[in-house]
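One letter stands for each residue in the lines below.
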Amino acid sequence: MACDRIRTLLPLLADGALRQPRRFFVARHVAGCPDCAARLEELQSVGTMLRTKLPFHRAPPGLAARIGAALPRETPPPVPRRRVPVQAFAGGLVGALAGVALTLLVMPAPRDPVVQGAIDSHVRSLMAEHLMDVATSDQHTVKPWLSARLDVSPPVRDLVDLGFPLLGGRLDYVDGHKGAAVVYRHAKHIINLFAWAAAGRDTGFSETARQGFNVVSWHRDGIAYYAVSDLEADQLAAFARLVSGG
Amino acid sequence: MAHDDRKRRFELLALPHLDAAFNLARWLTGNSADAEDVVQDAYLRAYRYFDSFHGGEFRVWLLGIVRNCFLDWIKENRSSRMLFQAEPAGETDETLWSERPRDPEALLLESIDSQTLEQLMLRLPLEYREVLLLREVEDLSYKEIAAITTTPTGTVMSRLSRARLALRKLWLGAHATEVVRGV
Ligand SMILES: [Zn+2]
């Protein structure tokens, strides 16, 4: 193999991510090529430096005990999903992201941690500019990408004809649940549809409004869904019905 | 009774990773008091969702929660601008790696002390710091890092490459300064 090709593989060799027989061929080349060997050494020296010189901060002595003492007060997640009436004014309250940041600073204690988690993940996806891992309007790309990485296979539909174009998808966590986030758009509003595997019976749609966001949640075929957007409540509800196919 | 079992099972799995959780939180927040808050929050959250842990490496699951708690913490405590900085663009790998120091790597390694390295790390963007810690200190695979950071594996690999380059650049810069000063 040429040096150029070897060099792209050197990080993988250094990180133990090369499988045989490629590992053998790369290692053999490096053994006989001083330039590539020097490059590998440079790569590895960063790791060596971090492992040998970077201070490792151990947990302070009392922390384990404090956590242990705090644990019993925490209970397993609540199963029932409450129906919260939609507040009439919530839809158009917050549009701009700057407004969102301000709202978060003064937000009251959350009630349903999952709804709160879904809103947090929605805001995070917009703020961190990490909206999509896979950015495409092709549902036949997004769905297998997600399925390959999750234990669920949420439906992914391109609803462009109905005014909700598919933008893409990513992996995300909602309050500790690892799942899919499928991203749609309606006019200028971004919709995150979170989905993860969850036991339980199918439910109807529950609507919640909080912090200027609307959330519609439901459960179907072993998957929990949370759609979050600053879209008007009735439009988000319409989206939920469309995307769930009913 | 069942509740006690659950707690014991959780502690057996989770407490061995307390140092790893704290170290990550400490490097992300930059100080011990906030790191403690983040870790405590993460453990309570992990306990609450313990039932959704479906095997695999517990440390990976836990560090993902630590990271999430950190993101929540940063959101509550700082402006949105302090969220993960955008990765510096440009710089191809070749330009930097070819700036070879005259000293052999081993000598160069000797030349840096822990305190300097800590300073250099704290100057890196969070995304770089995080991926370096997870890979080099926690010795996690690309796939595990991808799970923790909810990032595709390909992105983890390229980010790690850029992070190594960035740290190396700072390191060579610090080294050059010391040589000039005659330290
Ligand atoms: Zn070569």
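Notes on the structure follow. None of these values were measured; they are calculated from a predicted model.

## Some points on the overall build of chain B
Turning to step 1, where the next piece is worked out: Across its full length, chain B holds 10 helices and 0 strands.
Turning to step 2, where the next piece is worked out: Ordering the α and β elements of chain B from the N terminus gives α-α-α-α-α-α-α-α-α-α.
Turning to step 3, where the next piece is worked out: When each of the 183 residues of chain B is scored for burial, the buried share is 54%.
Turning to step 4, where the next piece is worked out: Considering only intrachain contacts with a sequence separation of at least 6, the fraction spanning at least 24 residues in chain B is 71%.
Turning to step 5, where the next piece is worked out: As displayed, chain B offers around 8,200 Å² of accessible surface, 51% of which is attributable to carbon and sulfur atoms.

## Topic: the overall build of chain A
Turning to step 1, where the next piece is worked out: Looking only at helices and strands, chain A has 8 helices and 7 strands in total.
Turning to step 2, where the next piece is worked out: Look at the contacts in chain A between residues 6 or more apart in sequence, and 59% of them connect residues 24 or more apart.
Turning to step 3, where the next piece is worked out: When the accessible surface of chain A is summed, it comes to about 11,700 Å², and 57% of that surface belongs to carbon and sulfur atoms.

## Brief notes about the nonpolar core
Turning to step 1, where the next piece is worked out: In terms of nonpolar packing, the biggest core is built from 93 residues, with Phe 10, Val 39, Tyr 43, Met 121 and Leu 167 of chain B touching the most fellow members.
Turning to step 2, where the next piece is worked out: Element by element, the count of residues in this core is highest for helix α4 (residues 58-77) of chain B, at 12 residues.
Turning to step 3, where the next piece is worked out: Once you skip the residues sitting within four places of it in the chain, Phe 10 of chain B turns out to touch Leu 71 of chain A together with Leu 15, Tyr 43, Ala 46, Tyr 47, Phe 50 and Phe 58 of chain B.
Turning to step 4, where the next piece is worked out: Counting residues in hydrophobic clusters, the runner-up holds 27 residues, among them Val 134, Phe 164, Leu 166 and Ile 191 of chain A.

## Concerning the interface of chain A and chain B
Turning to step 1, where the next piece is worked out: Each side of the interface is counted separately: chain A has 58 residues, and chain B has 62 residues.
Turning to step 2, where the next piece is worked out: Taken together, chain A and chain B are joined by 6 salt bridges.
Turning to step 3, where the next piece is worked out: Here Asp 15 of chain A makes a salt bridge to Arg 164 of chain B, at a shortest N to O gap of 2.6 Å.
Turning to step 4, where the next piece is worked out: Our enumeration of links across chain A and chain B arrives at 16 residue pairs in polar contact (both at pLDDT 80 or more).
Turning to step 5, where the next piece is worked out: Listed by contribution, the elements that provide at least two residues to the side of chain A that touches chain B are α1 (3-14), α3 (34-53), α4 (63-70), α5 (97-105), α6 (113-127), β2 (166-174) and β3 (177-186) of chain A.
Turning to step 6, where the next piece is worked out: Here the side of chain A that touches chain B takes 13 residues from α3 of chain A, the largest share from any one element.
Turning to step 7, where the next piece is worked out: Looking at the side of chain A that touches chain B, its residues break down into 32 nonpolar, 9 polar and 17 charged.

## Section: the pairing of β3 of chain A
All names here are of chain A.
Turning to step 1, where the next piece is worked out: The buried fraction of β3 is high, at 8 of 10 residues.
Turning to step 2, where the next piece is worked out: Two elements, β2 and β3, share 8 bridges in a ladder whose sense is antiparallel. What sits directly across from Leu 166, in β3, is Tyr 184.
Turning to step 3, where the next piece is worked out: Hairpin connection, β2 to β3: the antiparallel pair is bridged by 2 residues, and Asp 175 has positive phi, about 50°.

## Thoughts on the coordination of the zinc ion
Turning to step 1, where the next piece is worked out: Around the zinc ion, the protein supplies Cys 3 of chain A (SG), His 29 of chain A (NE2), Cys 33 of chain A (SG) and Cys 36 of chain A (SG) as donor atoms, at distances of 2.1 to 2.4 Å.
Turning to step 2, where the next piece is worked out: Its 4 donor atoms give the zinc ion angles of 101 to 115° at the centre, a pattern that matches the tetrahedral case.

Conventions adopted
Residues numbered from 1 in each chain as written. Chains lettered and ligands numbered in written order. Predicted model: local features only at pLDDT ≥ 70, side-chain atom pairs only at ≥ 80, totals over all residues. Heavy atoms only, no water. Helix = DSSP H or I, 4+ residues; strand = E, 2+ residues; numbered from the N terminus. Buried < 20%, exposed > 50% of the residue type's maximum accessible area, 1.4 Å probe, protein only. Contact = heavy atoms within 4.5 Å. Areas by Shrake-Rupley, 256 points an atom, 1.4 Å probe, with all protein chains shown as cover. Core = buried A, V, L, I, M, F, W, Y, C linked by side-chain atoms within 4.5 Å. Salt bridge = Lys/Arg side-chain N within 4 Å of Asp/Glu carboxyl O. Polar contact = N/O pair within 3.5 Å; in protein donor to acceptor, adjacent residues only side chain to side chain. Nonpolar A, V, L, I, M, F, W, Y, C, P; charged D, E, K, R; others polar. Pairing = 2+ DSSP bridges. Donors = N, O, S within 2.8 Å, 3.2 Å for Na, K, Ca; no water. Tetrahedral: all angles 85-135°; square planar, octahedral: opposite > 155°, others 65-115°.

Structural measurements only, silent on function.
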